[in-house]
Amino acid sequence: QVQLVESGGGLVQAGGSLRLSCAASGRTFSMIAMGWLRQVPGKEREFVAAITRSGSNTYYADSVKGRFTISGDNAKSTMYLQMNSMKPEDTAVYFCAADIGGRVAISQARAYDYWGQGTQVTVSS
């Protein structure tokens, strides 16, 4: 089992920045990659960014490329998402997730085996 806890969400004005954190505990050694996904009411969960366990590979959705940066601190078992130049369309509940299977592309929500509870991010115009 892997437990994930997000923090850092909140309200920010357009053009502003937020940093999300995801603290992992439990069988973290089993994780192959971790990711951030987001969801707005009535829509499917959307891939935002992912990072491999080693940190050597990162992946981003086109909509956030150049604005968001994913990173990890293995010593602290914590993953981060630095969000800059935020837009109202970034408003969503952001979920941290862990992939232990490695069988599905990490840009897909079904790749992930464990999920955090989500943190609300609201960007005002």
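What counts and how
- Residues numbered from 1 in each chain as written.
- Predicted model: local features only at pLDDT ≥ 70, side-chain atom pairs only at ≥ 80, totals over all residues.
- Heavy atoms only, no water.
- Disulfide = S-S within 2.5 Å.
- Helix = DSSP H or I, 4+ residues; strand = E, 2+ residues; numbered from the N terminus.
- Buried < 20%, exposed > 50% of the residue type's maximum accessible area, 1.4 Å probe, protein only.
- Contact = heavy atoms within 4.5 Å.
- Pairing = 2+ DSSP bridges.
- Axes fitted to C-alpha atoms, helices over the stretch in contact; angles between N-to-C directions.
- Phe/Tyr/Trp six-rings, centres within 6.5 Å; stacked < 30°, edge-to-face > 60°.

**A few points about the state of the cysteines**
Next up, step 1: On inspection of all chains with the given rule, the structure shows one disulfide.
Next up, step 2: The residue that forms a disulfide with Cys 22 is Cys 96, at a sulfur-sulfur distance of 1.8 Å. Its S-S torsion of approximately -60° makes the covalent link between Cys 22 and Cys 96 left-handed. With Cys 22 in strand β3 (residues 18-26) and Cys 96 in strand β9 (residues 92-99), the pair connects residues that are 74 residues apart, well separated along the chain. Judged on exposure class, the residue Cys 22 and its partner Cys 96 are both buried.

**Considering the side chain of Thr 28**
Next up, step 1: Here Thr 28 is to be found in the loop between β3 and β4 (33-39).
Next up, step 2: Exposure remark for Thr 28: the relative accessible area of 16% places this residue in the buried category.
Next up, step 3: Those residues in contact with Thr 28, other than ones at most four positions away along the chain, are Val 2, Arg 53 and Ser 77.

**Observations concerning the sheet that holds β3**
Next up, step 1: Reading across from one edge, β1-β3-β8-β7 is the order of the four strands in this open sheet, with antiparallel pairing throughout. Edge positions in the open sheet fall to β1 (2-7) and β7 (68-73), since each of these has one partner strand only. The average angle at which neighbouring strand axes cross in this sheet is 15°, direction not considered.
Next up, step 2: With six bridges joining them, β7 and strand β8 (residues 78-83) adopt antiparallel strand pairing. Opposite Ser 71, over in β8, you have Tyr 80 as the bridge partner.

**As for the packing of aromatic side chains**
Next up, step 1: Under the criterion given, the structure shown has two aromatic pairs.
Next up, step 2: Here the aromatic rings of Phe 95 and Trp 115 are separated by 6.3 Å at their centres, their planes lie at 80°, and the arrangement is edge-to-face. Taken together, the positions of Phe 95 in strand β9 and Trp 115 in strand β10 (residues 114-115) put the pair 20 residues apart, joining distant regions of the chain.
Next up, step 3: The class of Phe 95 is buried, set by a relative accessible area of 10%.
Next up, step 4: Assessed through its relative accessible area of 29%, Trp 115 is described here as partly exposed.
Next up, step 5: For the pair Tyr 112 and Trp 115, a centre-to-centre distance of 5.9 Å together with 65° between the ring planes defines the contact as edge-to-face.
Next up, step 6: Through a chain of ring-to-ring contacts, three or more aromatic side chains come together here, namely Phe 95, Tyr 112 and Trp 115.

**Points about the pairing of strand β5 (residues 46-52)**
Next up, step 1: In terms of burial, β5 is largely enclosed, as six of its seven residues are buried.
Next up, step 2: Bridge analysis of β4 against β5 gives six bridges, and the strand direction is antiparallel. Paired with Trp 36 across the two strands is Ala 49, which belongs to β5.
Next up, step 3: Between β4 and β5, which pair antiparallel one after the other, the connecting turn spans six residues, and Gly 42 there sits at a positive phi close to 85°.
Next up, step 4: The loop that links β5 with its antiparallel partner strand β6 (residues 58-60) comprises five residues; one of these, Gly 55, has a positive phi angle of about 85°.

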